[in-house]
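# Chain and residue survey
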Protein chains: 2
Amino acid sequence: MSPAVRHGAMRAGNLAAVLGELDRRGPLTRAALAEFTGLTKTTVSKLVAYLIDAGMAVESGTVRDGERGRPGVVVRLSGHRVAALGLEINVDYLAGCVVDLSRTVRLLRTQPVDNRAATPEDVIARLRELASALLVDAGELGLSVAGGMVALPGPVDRATGAVHRAPNLGWRDVAVTETLDLPLPVVVDNEANLAALGELWFGSGASLGDFLHVSGEIGIGAGLVVQGELFRGAHGFAGELGHVVVSPEGPACRCGGSGCLERYAGQDALLAPGEDLAGLVARLRGGDAAAAAACERAGSALGVALTSAVNLIDPDTIVLGGIFAPLYGWVSAPAGRAMRERLGQMRRRVPTLVVSRVGADAATLGGAGQVIQRIIADPGAHLVMLDATPSSPAR
Amino acid sequence: MSPAVRHGAMRAGNLAAVLGELDRRGPLTRAALAEFTGLTKTTVSKLVAYLIDAGMAVESGTVRDGERGRPGVVVRLSGHRVAALGLEINVDYLAGCVVDLSRTVRLLRTQPVDNRAATPEDVIARLRELASALLVDAGELGLSVAGGMVALPGPVDRATGAVHRAPNLGWRDVAVTETLDLPLPVVVDNEANLAALGELWFGSGASLGDFLHVSGEIGIGAGLVVQGELFRGAHGFAGELGHVVVSPEGPACRCGGSGCLERYAGQDALLAPGEDLAGLVARLRGGDAAAAAACERAGSALGVALTSAVNLIDPDTIVLGGIFAPLYGWVSAPAGRAMRERLGQMRRRVPTLVVSRVGADAATLGGAGQVIQRIIADPGAHLVMLDATPSSPAR
DNA sequence: ATATTTAGTCCACAACTTAGACTAAATCGG
DNA sequence: CCGATTTAGTCTAAGTTGTGGACTAAATAT
């Protein structure tokens, strides 16, 4: 639980403290870094030298902080060497991206494919091709890709890198990491979880505080971010907002229960038979009363489910993503009304509803961002991997 | 976020690693400690000497681990010097306890009082008397009390030590820590949270994994323990199970909403007018059909609310405490049935329902346990306080 | 031009942990 | 009963990392 602290760990911890400060506060002089971390100037200088040598930081210009005195050399996070790979398998597309250490998106590609029609092996083979092409292109940009993350639409076993069941893909027990077999460390995670992280790093970001990110697709999932970290629950199944009970005597759900949120606000409940999301939005824009009523009903149900979620989890903000992003204008009002009615008297502040600012790539980007996050949290571990590069850090 | 690591922190971290290992695995030899922590025998010896000098550990006998070789000296956590104070203010009683470092309950006292009839100042003055008496008695036992925790029936601001509103007591904006004014560091927390911790350390314990502890009193609260730590939410209001929506069109609730769990399974919904809990249990034992039906209804509603909670939070186990402990035989079956129906198909394992093994003192004990936990997590910080003792540790 | 202020480096030293030699105390085998 | 073997724990010299204060560098103020 509390691992032993050796000298190496002390070093690693301080390296992470410096890099983390650069990540959180932006470019800083060594003097400012010393102030914020509480380390001495000497130590900060040594650590910064190490980071610069590893290609994780660069000096960039000088700035005067006060009125007089020698100007400081500004050090900032560098994206020129270290990067991470984000991949996503979804029902009707594959996607991949490369994000560098400064969380700049360097490459982003999407491939529309009907993955329900293909075998898992074929889908994964196609993803491998996409990933390999991205790795080659990243190499040409001078980037060294330290790790990858695959987003999947279903609960995953993160230890083994396998999906037990992905109902929307029709997959059962597929060993994704193993089959994908890329030449770098790859981890898998749930799409809803990674989409929440995507919103954190590529959307509204830290201004959200602790937030619940609702990613409605066919099912309705949610990712909870607490103190900048995902909350996963004991078995990684936390955030199943779609099966929160809205009305115990409601319509039967595929989960075996009845009156789950999914039956009121899932894609199947909103779209007319054969219709797609764009069609629904067109009808809403055209003033179709039936469509508006369906959204009203879905929004209220969402508000009820979110009320339960807020009572249990107490987030600062709720971000509506997935299909609820384009429908935001029609569902957020009834949802917000339901929440205010039910929560207003007990709490000083009812969580704010906001729309997701990242599009369909939230999970892909979030996955790559998560890898970057881990590098920043432990730069020392990743320096070893980069030792093969020309200018190796001095012992 | 990631504080700088200095030499002192390294020391403190290793001290915590050793003490934590002793807490988790029980008595161990220095050799075993070295193995488990990954530190060398030399370092472990030094740290153990420090802990023994501080009165946090003692040697006790020798045991042979293997077949041959010199027997090791067993070191175990010692409760003879360091202790913590747990206090509780509730509607109809005050309680206090002293728990030592080995989590043995050394003193425990309860005082039945109607606290709704008195002013907050009078209640807190009476609590101060109770606490002072406990501190004196602890001193006579040779214990040095390092800190205290006050459990309150309502949401608290842990930063300032104040309650904003405690509806069951009729309190508004009471600065508890400040008014109590004890000669040791005191923190306040929510009763439901601390009851969950009480179950962790003085009840079924670590075998529960991540668990949700339901503590039904007048309202229905819940504490969520994840990886041995409380989950509090962004503002400390997480776990408000009582206002999870069971049926959106249900009866109006004092919170402004309708169909909250509290209206189906709260004390007011279960007890006949003027009846107390013992009376209800007597009726149930006597086979009263109306009472059984009320419990059946409450149990089902609880199952529905817990279904939502499990979907969102994904715990291993759910512990029923508070009024649900004596009613366990009557409510657990319908609650479990509802959960299995609604969760069975999606999850490999539906969380187990168990009854709380700690009684009414769960919160009082949990509070003291929390203080002990903090001492074990950072023994170095508390050594300073004990430096006044006769044999001060060698530099 | 000189004083003052702030940034960053250098160097001796201090705080830990480590590695491995060494001592202590048990069992095993003859 | 004595020496070989095994395991526990201590001691000492050395290694790694951070610290504190002196020192150098580069700017503004007077």
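Residues numbered from 1 in each chain as written. Chains lettered and ligands numbered in written order. Predicted model: local features only at pLDDT ≥ 70, side-chain atom pairs only at ≥ 80, totals over all residues. Heavy atoms only, no water.

## Examining the domain arrangement of chain A
All names here are of chain A.
- You can read the domains of chain A as domain 1 (7-77), domain 2 (82-196 + 361-385) and domain 3 (205-355).
- In this structure, domain 1 and domain 2 have C-alpha centres spaced 31 Å apart.
- Between domain 1 and domain 2 lies a buried interface of about 920 Å² when both sides are counted; carbon and sulfur atoms form 79% of it.
- Of all residues in domain 1, D23, M56 and L77 give up the largest surface area on contact with domain 2, accounting jointly for 48% of the area buried on that side.
- The salt bridge involving D23 is made with R103; its shortest N-O contact spans 3.1 Å.
- Of all the elements in the fold, those that place two or more residues in the side of domain 1 that touches domain 2 are helix 1 (7-25) and helix 3 (41-53).
- For the side of domain 1 that touches domain 2, the residue count by class is nine nonpolar, one polar and one charged. (Domains from an automatic or database assignment. Buried area = accessible area lost by both parts, 1.4 Å probe. Salt bridge = Lys/Arg side-chain N within 4 Å of Asp/Glu carboxyl O. Helix = DSSP H or I, 4+ residues; strand = E, 2+ residues; numbered from the N terminus. Nonpolar A, V, L, I, M, F, W, Y, C, P; charged D, E, K, R; others polar.)

## A few points about the protein's contact with DNA strand C
- Near DNA strand C lie 29 residues; those nearest to it are K41(A), T42(A), S45(A), V73(A) and N14(B).
- Counting only the atoms of DNA strand C within 4 Å of the protein, the fraction contributed by sugar and phosphate is 69%.
- T40(B) has a polar backbone atom sitting 3.3 Å from a phosphate oxygen of DNA strand C.
- Between DNA strand C and R68(B), the relevant distance is 3.3 Å, taken from a sugar or linking oxygen to a side-chain nitrogen or oxygen of the residue.
- When residues of the surface near DNA strand C are traced back to their parent elements, those giving at least two are helix 2 (30-37), helix 3 and strand 3 (72-77) of chain A together with helix 1 (7-25) and helix 3 (41-53) of chain B.
- Here the element with the most residues in the surface near DNA strand C is helix 1 of chain B; it accounts for four residues. (Near = heavy atom within 4 Å. Polar contact = N/O pair within 3.5 Å; in protein donor to acceptor, adjacent residues only side chain to side chain.)

## Let's talk about the interface of chain B and chain A
- Each partner contributes to the interface: chain B provides 60 residues, whereas chain A provides 60 residues.
- For the pair chain B and chain A, the two sides together bury roughly 5100 Å², of which 55% comes from carbon and sulfur.
- For the pair chain B and chain A, the number of links is zero salt bridges.
- Run the count over chain B and chain A and you get 28 residue pairs in polar contact (both at pLDDT 80 or more).
- Broken down by secondary-structure element, the contributors of at least two residues to the side of chain B that touches chain A are helix 1, strand 9 (162-166), strand 13 (220-226), helix 10 (289-313) and helix 11 (328-343) of chain B.
- Broken down by class, the residue content of the side of chain B that touches chain A amounts to 25 nonpolar, 21 polar and 14 charged. (Contact = heavy atoms within 4.5 Å.)

## Description of the protein's contact with DNA strand D
- What surrounds DNA strand D is a group of 29 residues, the closest being R68(A), K41(B), T42(B), S45(B) and V73(B).
- Among atoms of DNA strand D positioned within 4 Å of the protein, sugar and phosphate together represent 68%.
- Note that a phosphate oxygen of DNA strand D is positioned 2.7 Å from one of the side-chain N or O atoms of N14(A).
- In the model, a phosphate oxygen of DNA strand D is placed 3.2 Å from a nitrogen or oxygen of the T40(A) side chain.
- Contributions of two or more residues to the surface near DNA strand D are made by helix 1 and helix 3 of chain A together with helix 2 (30-37), helix 3 and strand 3 (72-77) of chain B.
- Counting residues per element, the surface near DNA strand D draws most heavily on helix 1 of chain A, which supplies four residues.
- In terms of residue class, the surface near DNA strand D is made up of six nonpolar, 12 polar and 11 charged.

## Thoughts on the packing of aromatic side chains
- In the structure shown here, the tally under the stated rule is one aromatic pair over all chains.
- Ring centres of F231(A) and F231(B) lie 4.9 Å apart, and the angle between their planes is 55°; on these two criteria the pair is classed as tilted. Pair noted here: F231(A) is in strand 14 (residues 229-231) and F231(B) is in strand 14 (residues 229-231), and the two residues belong to different chains.
- Relative accessible area serves as the criterion here: at 10%, F231(B) is assigned to the buried category.
- Just above the ring of F36(A) sits the side chain of R25(A); from NZ or CZ to the centre is 3.7 Å. (Phe/Tyr/Trp six-rings, centres within 6.5 Å; stacked < 30°, edge-to-face > 60°. Buried < 20%, exposed > 50% of the residue type's maximum accessible area, 1.4 Å probe, protein only. Lys NZ or Arg CZ within 6 Å of the ring centre and 35° of its normal.)

## Let's talk about the relation of the copies chain B and chain A
- Placing chain B over chain A gives an RMSD of 0.1 Å and needs a rotation angle of 180°, together with 0.1 Å of translation along the axis. Seen this way, the second copy is the image of the first under a two-fold rotation axis. The position closest to the rotation axis in chain B is occupied by the C-alpha of S247(B), lying 2.6 Å away.
- A symmetric contact is evident, with 100% of the interface residues of chain B recurring at the interface of chain A. (Least-squares fit on C-alpha atoms with pLDDT ≥ 70 in both.)

## Regarding the nonpolar core
- Core analysis: the largest hydrophobic core is formed by 84 residues, its most contacted members being L241(A) and L241(B).
- Discounting chain neighbours no more than four positions away, the residues touching L241(A) are V214(A), I220(A), A222(A), L261(A), L302(A), A305(A), L306(A), A309(A) and L312(B). (Core = buried A, V, L, I, M, F, W, Y, C linked by side-chain atoms within 4.5 Å.)

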